[in-house]
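Understanding the architecture of this molecule
Residues per chain are reported as follows:
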Amino acid sequence: MQRLLLSLLALLAATLGKAQIDVFTAADFEPGEPCDTARYIVYYDLRMVEDTVNAPDIAVKETMRLELGGRVSLFYSQMEYQSDSVNAVVMKNGGNSYSGGGQVKWRLYKNYPEEGKTALLERFGMDRFVCTEDYAAPLWQPVADSSTVILGYRCSLATATYKGRTWYAWYAEDIPFDAGPWKLGGLPGLILRAYDAPRHYVFDAVGMSEVAPPAPIYYKGGKYEAVSRKQLEGIRRRYFADPVGYITNNPNVRVQIRDEQGNELANPKNEPYNSIEVE
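This report concerns the structure included in the present document. (Residues numbered from 1 in each chain as written. Predicted model: local features only at pLDDT ≥ 70, side-chain atom pairs only at ≥ 80, totals over all residues. Heavy atoms only, no water.)

With that settled, the discussion passes to the overall build of the protein. The helix and strand tally for the protein stands at 4 helices and 15 strands. Across the 279 residues in the protein, those meeting the buried criterion constitute 48%. Across the protein, contacts joining residues at least 24 apart in sequence account for 59% of those joining residues at least 6 apart. Accessible area for the protein stands at about 13900 Å²; split by element, carbon and sulfur atoms hold 48% of it. (Helix = DSSP H or I, 4+ residues; strand = E, 2+ residues; numbered from the N terminus. Buried < 20%, exposed > 50% of the residue type's maximum accessible area, 1.4 Å probe, protein only. Contact = heavy atoms within 4.5 Å. Areas by Shrake-Rupley, 256 points an atom, 1.4 Å probe, with all protein chains shown as cover.)

Attention now moves to the pairing of strand 7 (residues 117–124). Counting buried positions along strand 7 yields 7 of 8 residues, so the element is predominantly enclosed. Hairpin connection, strand 6 (residues 107–110) to strand 7: the antiparallel pair is bridged by 6 residues, and Asn-111 has positive phi, about 65°. Here strand 7 pairs with strand 8 (residues 127–134) via 8 bridges, running antiparallel. Across the sheet, Arg-123 pairs through a bridge with Arg-128, a residue of strand 8. Remark: 2 residues form the turn of the hairpin made by strand 7 and strand 8, two consecutive strands paired antiparallel; Gly-125 in that turn has positive phi of roughly 60°. (Pairing = 2+ DSSP bridges.)

Another point: the layout of surface pockets. Put simply, the second largest pocket is a space of about 490 Å³. Along the walls of the second largest pocket sit 22 residues, with Tyr-76, Tyr-81, Asp-84, Ser-85 and Tyr-218 positioned nearest its centre. Of all elements in the fold, only strand 3 (33–48), strand 4 (60–69), strand 5 (73–77), helix 2 (78–92) and strand 14 (201–219) reach the threshold of two or more residues within the lining of the second largest pocket. Of the residues in the lining of the second largest pocket, the class split is 14 nonpolar, 1 polar and 7 charged. (1 Å grid on protein atoms, 1.4 Å probe; cavity = no way out; pocket = protein on both sides within 12 Å on 5 of 7 lines; lining within 4 Å. Points joined across faces, edges and corners; volume = space filled by probe spheres on them. Nonpolar A, V, L, I, M, F, W, Y, C, P; charged D, E, K, R; others polar.)

Below, the structure written as structure tokens:
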């Protein structure tokens with residue numbers, strides 16, 4: 001039987017009205033397969049509104065990291081990166097107290113498994129999924145006479161309708177990378193700030209560093225179940241409608257959610273979520 005590691009984390013329960021449930025399997029602590037070599041890392045602060053109806057002014061905050069290789073890029077949570085690192089050491093040393101990751105559970109690879117493809121990895125309970133699609137960059141329109149400075153770089157503004165949202169992106173031509181947060185790219189410079197029209201998703205670059213010495217970019221989806229984007233959205237809806245019910249469909253899992261004082265909480269139902277892709 002596959003070893004199951006369960007960590008329950010109450011994350012900002014009073015503010016967000018929800019608990020973050022991490023379910024780990026032994027496979028989660030495997031490094032994965034090297035798919036490129038990271039040469040630069042760009043860090044972004046992400047603000048995302050999950051409940052656009054009842055709490056449109058409350059945003060989840062997460063630091064994200066963009067690993068840039070010669071061909072492949074990887075965009076995911078900095079907390080997930082730290083959790084991977086800590087848990088790998090704990091497991092290697094025979095420990096059993098595991099660190100939960102961030103609130104953003106997906107990982108996005110561009111130009112993998114081949115040039116012109118994206119691979120989106122997500123996990124729900126003990127299930128692991130990968131959605132591989134053809135990649136097409138947004139069709140940007142430059143905004144005339146736009147200019148701002150971000151991280152000391154002069155940036156210009158462009159806008160596009162992409163994956164059901166209207167996006168605005170500030171890019172720095174002095175950083176000649178066709179890259180940016182999430183699937184955003186296709187501009188003559190690195191995107192340092194991006195947001196959709198209602199600002200449900202806002203990415204702000206807060207730092208950039210060269211990786212010295214260069215380190216591998218690891219692909220962790222080799223054993224994940226392949227699904228289409230439509231199938232993945234259906235799975236996402238089922239999970240957020242009843243997270244505990246989804247998880248406990250596995251007979252080897254029992255979940256109890258408690259607050260910081262140890263009081264048992266009711267199982268969350270119909271949790272709000274706001275997919276970044278809406279078409």
